[in-house]
Amino acid sequence: MFRAVHAPNHPEQKPASFSPDSRQAWVRLLLALLIGSIGGVGMWAVVVVIPVVQAEFSATRGAVSLAFTLMMFGFGLGGVIAGKITDKFGIVPAMAISIAFLGVANTLAGLSTQLWQFVAAYFLIGLGTSATFAPLMAEASHWFERYRGLAVTIVASGNYVAGTIWPPLISSGIERIGWRTTHVGIALVCVSLMSILVLVLRAQMGDDKVRNHANAPPPRVDLRLSTNTLTVLLSIASISCCVAMAMPQVHIVAYCGDLGYGVARGAEMLSLMMACGIVSRIGSGYLADKIGGIPTLLIGALAQGFALVFYLFFDSLASLYLISAMFGLFQGGIVPSYAIIVREAMPASEAATRVGIVIFASVFGMSFGGWVSGVIFDATGSYAAAFANGVAWNALNVGIVLMLLIRSRMNSVKTGPGFAT
């Protein structure tokens, strides 16, 4: 008699069920990009509705801009919370919570009868949107080894894809059915489409566990700074660049309305800006692989300041389209560069926490920048001073990054020429 063979007894098959950089990894990446592109609507809907909400509630531009500020604060805070949920329970439960928040919060925004209710709803929308950015980037980093940087920047592009496709749709919805019904429609789209995509992602992942990086190689860049000091410097730089970045991104729609071009033209410029941002965001991953995260960040910061200066001197319709395209093409790779620098210069065991802190700082910068630009407009009656404020903050960012670059070049003499690879 032959001994019975038990088919399930193949322990070696489970670890081999998934390989980094495999076709399955790219399928997961595509699903993550689609999820981020849909869930990222919360970051851009408020930008389009600022003028109509201001008119309906007879509020100041600064008061309405507070909705963007609290949305971004919720986005940053939610990123930390969703990151912890992802680390402990996986990305699927985090995304399920995100979907619930987006559905409920967008519905509440559409039903709001007072400005404070609208603002509070956008804080909840920020919490829901947060899981589609930093946690998804962290999760994608476990699916790739050779193309990890590219994968992270592709997932990070999800919110720019959202910024490309959503503003024209929302603008059209406002014209046809009003901003309230448009928000309810957003809730339905997010809940239905994201639920399907997350279920497919769950099926793709199965029982796959998050990798740990305890045995990862040491940092490649020696800045001769403590981890805490570098975190503080990167956080200040991140705040500075994002205060500057927020001016066009948050107020371009309202700016076009003030100039008489109409809200729809501003929504088109925002969409164009985000489309160009996708190109630079993904391209920054390739560039950072060649020259390192710090030089890539410096190039982006200098270029962003260059575009902001153009806004000060040109305001014709054609020039605004061109400058908005330039701005998107220049600044899209800035935020992912901070994550790359953390991975290059800090221990891998602390990377997730440090990236979370720096990204939260960038969110604070976007929040403050969006709000203060509205306040400056209320005080001066134009956006000229707000653009100048952005240029000043951008200069601070350039100064910090330039200092880090000098330190990295000085220490590379001792650590070898391959520090930026």
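Residues numbered from 1 in each chain as written. Predicted model: local features only at pLDDT ≥ 70, side-chain atom pairs only at ≥ 80, totals over all residues. Heavy atoms only, no water.

By the naming in an unreviewed UniProt entry, the protein goes by MFS transporter and is assigned to Bradyrhizobium cytisi.

As for the nonpolar core
Core analysis: the biggest nonpolar cluster contains 122 residues, and F118, Y122, W143, I170, L234 and Y311 have the highest contact counts within it. At 16 residues, the largest contribution of residues to this core is made by helix α9 (residues 227-258). When residues are assigned to domains, this core turns out to be shared by domain 1 (22-206) and domain 2 (218-411), each giving three or more. Apart from the residues within four sequence positions on either side, W143 is in contact with F18, P20, D21, A25, R28, L29, A32, L201 and M205. (Core = buried A, V, L, I, M, F, W, Y, C linked by side-chain atoms within 4.5 Å. Buried < 20%, exposed > 50% of the residue type's maximum accessible area, 1.4 Å probe, protein only. Helix = DSSP H or I, 4+ residues; strand = E, 2+ residues; numbered from the N terminus. Domains from an automatic or database assignment. Contact = heavy atoms within 4.5 Å.)

Structural notes on the environment of A96
Counting through the fold element by element, A96 comes out in helix α4 (residues 91-111). By relative accessible area, A96 is classed as partly exposed at 42%.

Things to note about the pattern of salt bridges
Counted under the stated rule, the structure contains two salt bridges. Here R180 and E56 are joined by a salt bridge, their closest N and O atoms 2.7 Å apart. Remark: E56 occurs in helix α2 (residues 42-57) and R180 occurs in helix α8 (residues 158-205); sequence separation between them is 124 residues. Look at E56 and you get partly exposed, because its relative accessible area is 42%. (Salt bridge = Lys/Arg side-chain N within 4 Å of Asp/Glu carboxyl O.)

Thoughts on α4
When the terminal C-alpha atoms of α4 are compared, their 30 Å separation across 21 residues agrees well with the 30 Å that a helix rising 1.5 Å per residue should span. Within the span of α4, buried status applies to I91, A94, M95, S98, I99, L102, G103, A105, N106, A109 and G110. As for α4, its buried residues are in contact with α1 (23-39), α3 (61-89), α5 (115-130), α6 (134-141) and α8. (Expected span 1.5 Å × (residues − 1).)

Remarks on the confidence of the model for the protein
Low-pLDDT portions of the prediction should not be read for the details of their coordinates. Chain-level pLDDT for the protein is 83 on average; 89% of the residues reach the 70-or-more range. A low-confidence stretch, residues 1-16 (pLDDT under 50), is modelled with one contact involving residues beyond four sequence positions or located in other chains. For residues 415-421, every residue scores under 50 in pLDDT, and the model assigns this stretch 14 contacts once sequence neighbours within four places are set aside. (pLDDT = per-residue confidence, 0-100.)

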